[in-house]
Amino acid sequence: MYNPARRNRNIGKTQGGRVMNGRATEKWSRFFTQDIWTKLSTSKEKWKVLTENPSRDYYHPCKANEYLEVLKQLPDEYTENVKAIILKRTSKSDQKLLVEARRRYDCVILNAFPKTNEWVYAFKPADSFIRHCNPWCKNWIEDKGLFKLVWTPDEVKRYYLYHLFLHEIGHINEQWSKSLKKREDFAENFALEWAKRLQII
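Here we summarise the structure given alongside this text. (Residues numbered from 1 in each chain as written. Predicted model: local features only at pLDDT ≥ 70, side-chain atom pairs only at ≥ 80, totals over all residues. Heavy atoms only, no water.)

Regarding the nonpolar core
What counts, and what does not: Residues belong to a common nonpolar core when they are buried Ala, Val, Leu, Ile, Met, Phe, Trp, Tyr or Cys residues joined through side-chain atoms within 4.5 Å. For the exposure calls, accessible area comes from a 1.4 Å probe over protein chains only, and a residue counts as buried if that area is under 20% of its type's maximum, exposed if over 50%, partly exposed in between. Under the scheme used here, helices are H or I runs from DSSP no shorter than 4 residues and strands are E runs no shorter than 2 residues, and both carry numbers assigned from the N terminus. Two residues form a contact once any of their heavy atoms are found within 4.5 Å.
Counting residues in each nonpolar core, the largest one holds 36 residues, and the members touching the most others are Tyr67, Leu110, Trp119, Trp151, Tyr160, Phe165 and Ile169. Residue assignment for this core shows that the elements contributing at least two residues are helix H2 (64-72), strand S5 (84-88), strand S7 (107-111), strand S9 (118-121), strand S11 (146-150), helix H6 (153-172) and helix H7 (180-197). Top element by residues in this core is H6. It accounts for ten residues. Discounting chain neighbours no more than four positions away, the residues touching Trp151 are Phe113, Asn117, Trp119, Trp136, Cys137, Val156 and Tyr159.

A closer look at the sheet that holds strand S10 (residues 140-143)
How we decide: When DSSP finds two or more bridges between two strands, those strands count as paired. Only the stretch in contact is used when a helix axis is fitted, and all axes are lines through C-alpha atoms; the angle between N-to-C directions ranges over 0 to 180 degrees.
One open sheet holds the three strands; their spatial order is S9-S11-S10, and the pairing between them is antiparallel. Each edge of the sheet is formed by a strand with only one pairing partner; in this case those strands are S9 and S10. This sheet shows a mean twist of 25° between the axes of neighbouring strands, independent of strand direction. The pairing of S9 with S11 spans four bridges and is antiparallel.

Here's the deal with the side chain of Ser91
Formally: Polar contacts, as counted here, are pairs of nitrogen or oxygen atoms within 3.5 Å of one another; within protein the pair requires one atom able to donate a hydrogen and one able to accept it, and residues that are adjacent in sequence qualify only if both atoms are side-chain atoms.
You can see Ser91 is positioned in the loop between S5 and helix H4 (92-97). A polar side-chain atom of Ser91 sits 3.2 Å from the main-chain amide nitrogen of Asp94.

Topic: the sheet that holds strand S3 (residues 48-51)
On the basis of which strands lie adjacent, the open sheet formed by four strands has the order S3-S5-S7-S6 and mixed pairing. In this open sheet, the two edge strands, each paired with only one partner strand, are S3 and strand S6 (101-104). Shown here is a sheet whose adjacent strand axes are inclined to one another by a mean of 15°, direction ignored. Sheet analysis places S5 next to S7, joined by five bridges and oriented parallel. Along S7, the bridge assignment pairs Ile86 with Ile109. Across the face of the sheet, H2 comes into contact with S3, S5 and S7 while running at roughly 145° to S5. The strands touched by H6 are S5, S6 and S7; relative to S7, the strand with the most contacts, the crossing angle is about 145°.

Brief notes about the side chain of Glu168
What counts, and what does not: Residues counted as positive are Lys and Arg, residues counted as negative are Asp and Glu, and His and the chain ends are not counted. Basic side-chain nitrogens of Lys or Arg form a salt bridge, by our definition, when they fall within 4 Å of a carboxyl oxygen of Asp or Glu.
Looking at where Glu168 falls in the secondary structure, it is placed in helix H6. For the buried residue Glu168, which engages in no salt bridge, the nearest side chain bearing the opposite charge is Arg103, 5.8 Å off. Discounting residues that sit within four places of it in the chain, Glu168 has contacts with Ala101, Arg102, Arg103 and Val108.

Points about the environment of Leu146
With respect to the helices and strands, Leu146 occurs in strand S11. Leu146 sits 24 residues away from Ala122 along the chain, and the two C-alpha atoms are 5.0 Å apart. When neighbours within four sequence positions are excluded, Leu146 is seen to be in contact with Val120, Tyr121, Ala122 and Ile141.

Concerning the pairing of S6
Here S6 runs beside S7; their pairing, made up of four bridges, is antiparallel. The partner of Ala101 across the bridge, within S7, is Leu110.

Overview of the environment of Tyr162
Within the secondary structure, Tyr162 is located in helix H6. A C-alpha to C-alpha distance of 8.3 Å links Tyr162 and Leu192, two positions 30 residues apart in sequence. Not counting the four nearest positions on each side in its chain, Tyr162 is found in contact with Val70, Gln73, Trp136, Ala191, Ala195, Leu198 and Ile200.

See below:
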């Protein structure tokens, strides 16, 4: 029997992802598989840098050698357990959650930054968050009901090298506390202390 309905072999596929349990899910990076963090963390090598190509609208603000230069300025006791630095393509979930960096075992993961050099919010951020950003960028703009923090390329680079990166190094050096708040406080204080010692802020 002839069926006149036109059929497309791509019906049911998810652009850039997969369908699991009837729902579209984001496809894992082919380069950074689930077990790569364990392999890197158990490796005898240290300070390995891996770079994933950022998407069209994002870029990596700092080069590999710039992160390595920061590590060389810290005491060995804080850097000996840093196995890898991952310059990663920002996932859709991290974009939604505004996640800029992560620690996985003994690896530091740094997401790419928007090419617009802007953070955009639908509501005014809390005063505590504005104070948190002040050492790195103060250029807040309200535009058509949106609140934007507009960065210069130099400010973004400084922020990545001496705050995000140092914050994650702090996490690598504090893995024993069960309290998320205590871990975050330690990492934040570590980053601020070393940014001051290095005369960045």
